[in-house]
Amino acid sequence: MNYSRFFDGKVLLKKQPLVDQSALGAMYRGKCFDQPTVDSFNGYTIQFNRATSRPLQEEILDKRNRLMLNATRRKYPTTQRLIAA
């Protein structure tokens with residue numbers, strides 16, 4: 001995706017707080033994530049907060065979202081994901 005094409009010149013998004021395991025689980029319907037997943041999520045949040053352009057912020061948010069989609073799929077079988085949706 002060409003982030004500059006869609007987000008260049010847009011206002012920066014607000015900085016986001018770091019989260020702990022319980023907060024991250026609450027954000028994803030009460031799921032429980034291991035500490036390395038939480039650390040990776042917070043690493044992307046730190047990068048997001050340091051970003052100086054909206055396109056870079058959006059790219060980091062997409063990477064963080066991919067991380068969480070993969071973490072959710074890793075932790076739960078397909079049938080459980082379908083029931084939760």
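Rules of the game
Residues numbered from 1 in each chain as written. Predicted model: local features only at pLDDT ≥ 70, side-chain atom pairs only at ≥ 80, totals over all residues. Heavy atoms only, no water. Helix = DSSP H or I, 4+ residues; strand = E, 2+ residues; numbered from the N terminus. Buried < 20%, exposed > 50% of the residue type's maximum accessible area, 1.4 Å probe, protein only. Polar contact = N/O pair within 3.5 Å; in protein donor to acceptor, adjacent residues only side chain to side chain. Contact = heavy atoms within 4.5 Å. Salt bridge = Lys/Arg side-chain N within 4 Å of Asp/Glu carboxyl O. Phe/Tyr/Trp six-rings, centres within 6.5 Å; stacked < 30°, edge-to-face > 60°. Core = buried A, V, L, I, M, F, W, Y, C linked by side-chain atoms within 4.5 Å. pLDDT = per-residue confidence, 0-100.

Q: What is the right way to look at the side chain of Arg54 in this model?
A: Mapped onto the elements, Arg54 comes out in helix H4 (residues 54–75). Residue Arg54 is classed as buried on the basis of its relative accessible area, which comes to 16%. Side-chain polar atoms of Arg54 contact the side chain of Glu58, separated by 2.8 Å. Leaving out residues up to four positions away in the same chain, Arg54 has contacts with Phe7, Lys10, Val11, Leu12 and Leu13.

Q: Help me out: how do you make sense of the pattern of salt bridges in this one?
A: Side-chain pairing between opposite charges can occur once the charged atoms of the two side chains come close. In the structure shown here, the tally under the stated rule is 2 salt bridges. For Arg54, the salt bridge is made with Glu58, and the minimal N-O distance between the two is 2.8 Å. Of the two residues, Arg54 and Glu58 are both situated in helix H4; the distance of 4 residues between them amounts to about one turn of the helix. In this structure, Glu59 engages Lys63 in a salt bridge whose closest nitrogen and oxygen atoms are separated by 3.7 Å. Of the two residues, Glu59 and Lys63 are both situated in helix H4; the distance of 4 residues between them amounts to about one turn of the helix.

Q: Help me understand the packing of aromatic side chains in this model?
A: A ring pair, where both rings are aromatic, is described by two values, the distance of the centres and the angle of the planes. Applying the stated criterion across every chain, the model contains 1 aromatic pair. Note on Tyr28 and Phe33: the rings are 5.8 Å apart at their centroids and 85° apart in plane angle, and the pair reads as edge-to-face. Among the residues examined, Phe33 registers a relative accessible area of 2% and is labelled buried.

Q: Honestly, the nonpolar core in this entry has me stumped. Any pointers?
A: Nonpolar side chains in soluble globular proteins generally cluster together in the buried interior. Of all hydrophobic cores here, the largest spans 7 residues; its members are Val19, Leu24, Phe33, Val38, Phe41, Met68 and Ala71. Broken down by secondary-structure element, the contributors of at least two residues to this core are helix H3 (35–50) and H4. Once residues lying within four places of it in the same chain are set aside, the contact partners of Phe41 are Val19, Leu24, Met27, Tyr28, Arg64, Leu67 and Met68.

Q: Looking at this model, I keep getting lost on the confidence of the model for the chain. Mind explaining?
A: Caution applies to low-pLDDT regions: their predicted coordinates should not be interpreted in detail. Summary statistics for the chain give a mean pLDDT of 88 and a share of 87% for residues scoring 70 or more. Taken element by element, the chain is modelled with least confidence in helix H5 (residues 78–84), mean pLDDT 50, and with most confidence in H3, mean pLDDT 97.

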